[in-house]
Amino acid sequence: MLSIERCFATWRLSSYGKNRTVGPVMVFIQTAAGILFMYIVFRDSSHTELMPYCLITSLSTPVLVLGPITLFLILQIIAVITFEVLMRINKKKSQSLLCSRSSHFNGGVISKLYQVRENLRTMKTLMLFFLLSCINSFCYNFLRGFVHLNKPKFSRPLFFALIEVSIHLPQYSLLLPAVLWYSYRKVSRQAAEKHQEKLDRAAPENTKLHFNMIAESWR
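Predicted, not measured: the structure shown is a model, and the values here were computed from it.

About the thresholds
- Residues numbered from 1 in each chain as written.
- Predicted model: local features only at pLDDT ≥ 70, side-chain atom pairs only at ≥ 80, totals over all residues.
- Heavy atoms only, no water.
- Helix = DSSP H or I, 4+ residues; strand = E, 2+ residues; numbered from the N terminus.
- Buried < 20%, exposed > 50% of the residue type's maximum accessible area, 1.4 Å probe, protein only.
- Contact = heavy atoms within 4.5 Å.
- Areas by Shrake-Rupley, 256 points an atom, 1.4 Å probe, with all protein chains shown as cover.
- Patch = residues over 30% accessible without salt bridge, like charges linked within 9 Å, V, L, I, M, F, W, Y side chains within 5 Å.
- Salt bridge = Lys/Arg side-chain N within 4 Å of Asp/Glu carboxyl O.
- Core = buried A, V, L, I, M, F, W, Y, C linked by side-chain atoms within 4.5 Å.
- Expected span 1.5 Å × (residues − 1).
- Arc of directions from axis to C-beta.
- Phe/Tyr/Trp six-rings, centres within 6.5 Å; stacked < 30°, edge-to-face > 60°.
- UniProt positions renumbered as here; feature names shortened; annotations may be inferred.

Chemist: Can you lay out the overall build of the protein chain for me, pointing to particular residues and giving the numbers?
Modeler: When helices and strands are counted, the protein chain shows 6 helices and 0 strands. Secondary structure elements of the protein chain occur, N-terminal to C-terminal, as α-α-α-α-α-α. Across the 219 residues of the protein chain, 26% fall into the buried class. Pairs at least 24 apart in sequence give 76% of the contacts found in the protein chain among residues at least 6 apart. Total accessible area on the protein chain stands at roughly 15,800 Å², and carbon and sulfur atoms take up 68% of it.

Chemist: Any details on a nonpolar patch on the surface? Residues and values, ideally.
Modeler: On the surface, M1, I4, F8, W11, V25, F28 and I29 cluster together into a nonpolar patch covering about 730 Å² of accessible area. When contributions to the nonpolar patch are tallied by element, the ones reaching two or more residues are α1 (2-11) and α2 (22-45). Secondary-structure assignment places V25 in helix α2.

Chemist: Tell me about the nonpolar core, and name the residues and values.
Modeler: Judged by nonpolar contacts, A79, F83, L86, M87, M123, L126, M127, F130 and C134 together constitute the single largest core of 9 residues. For this core, the element with the most residues is helix α4 (residues 109-150), which contributes 5 residues. Those residues in contact with F83 that sit more than four places away from it in its chain are L2, S3, R6, M123, L126, M127 and F130. Counting 7 residues, the second largest nonpolar core, distinct from the first, contains L143, V147, L162 and L169.

Chemist: Account for helix α5 (residues 156-168), naming residues and giving values.
Modeler: Taking 1.5 Å of rise per residue, the 13 residues of α5 would be expected to cover 18 Å, and the 19 Å separating its terminal C-alpha atoms lies within 8% of that figure. Within the span of α5, buried status applies to F159, L162, I163 and S166. What you see down the axis of α5 is that its buried residues fit within an arc of 105 degrees, all on one side.

Chemist: Tell me what's going on with the packing of aromatic side chains, and back it up with residues and numbers.
Modeler: One pass over the full model with this rule turns up 5 aromatic pairs. Geometrically, the ring pair formed by F142 and F146 is stacked, given 6.5 Å between the ring centres and 15 degrees between the ring planes. With F142 and F146 both in helix α4 and 4 residues apart, the pair spans about one turn of that helix. Geometrically, the ring pair formed by F146 and F154 is tilted, given 6.1 Å between the ring centres and 55 degrees between the ring planes. Residue classification places F146 among the partly exposed residues on the basis of a relative accessible area of 41%. Members of the aromatic cluster, connected to one another through ring pairs, are F138, F142, F146 and F154.

Chemist: Give a detailed account of the pattern of salt bridges, specifying residues and quantitative values.
Modeler: Counted under the stated rule, the structure contains 2 salt bridges. The salt bridge partner of R88 is E84, with a shortest N-O separation of 3.5 Å. Of this pair, R88 and E84 both sit in helix α3 (residues 62-103), 4 residues apart, which is roughly one turn of the helix. Looking at R88, the relative accessible area reads 53%, which means it is exposed. The shortest N-O distance in the salt bridge between R121 and E118 comes to 3.0 Å. Within this pair, R121 and its partner E118 are both found in helix α4, separated by 3 residues, close to a single helical turn.

Chemist: Pulling in residues and values, what's your account of the UniProt feature "transmembrane region" (unreviewed entry) in the protein chain?
Modeler: Per the UniProt annotation, the sites labelled "transmembrane region" (unreviewed entry) are residues 21-42, 62-86, 126-147 and 159-184. Segment residues 126-147 splits into 100% helix and 0% strand. End C-alpha atoms: 31 Å apart. The span residues 159-184 is 73% helical and 0% strand by assignment, and the distance between its end C-alpha atoms comes to 40 Å.

Structure below.
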């Protein structure tokens, strides 16, 4: 969903900042998908006497278990690649708009440049959070698929140990908000340092210009 949201931000460059519908619509889609998934699980489980301990212990055919896991892993890989491609696109747009700004100021160049830079800042903030979230989910689902596919080869104690490991892996995602906070602080600090560095470089020239203007006013 992060990649899709950033796609909208890159595609609707000039009006995305004023858009108030994309976020709620995406939240609604996620909520509806979650409710639908829970309904399907509840409906299927209400007509059976045997309930699997988890997905790995499911008695369904391997295709029905490994198919969704494989699809989910592929979608995650595509999402990571898309996120990286969007960062490159926004960097190129930033350079292009920067050159356009130096030649003319019409066509909303300044506002577009601001939006592109905000896109880049947001994506840099989310990048570590996004990658760690994908890695955690990827490891969790890969382990589930691997154990389910090879469960006849495992001894009983090892099989149940791997089940417990796979069950507790998603809990590490609770640390991700702290990662997001760290990324936000890091990106904000880097932006402030870069801005201060530009001010320091321009300080002598600005001071000289200031005193020249004062001297001209006294003539």
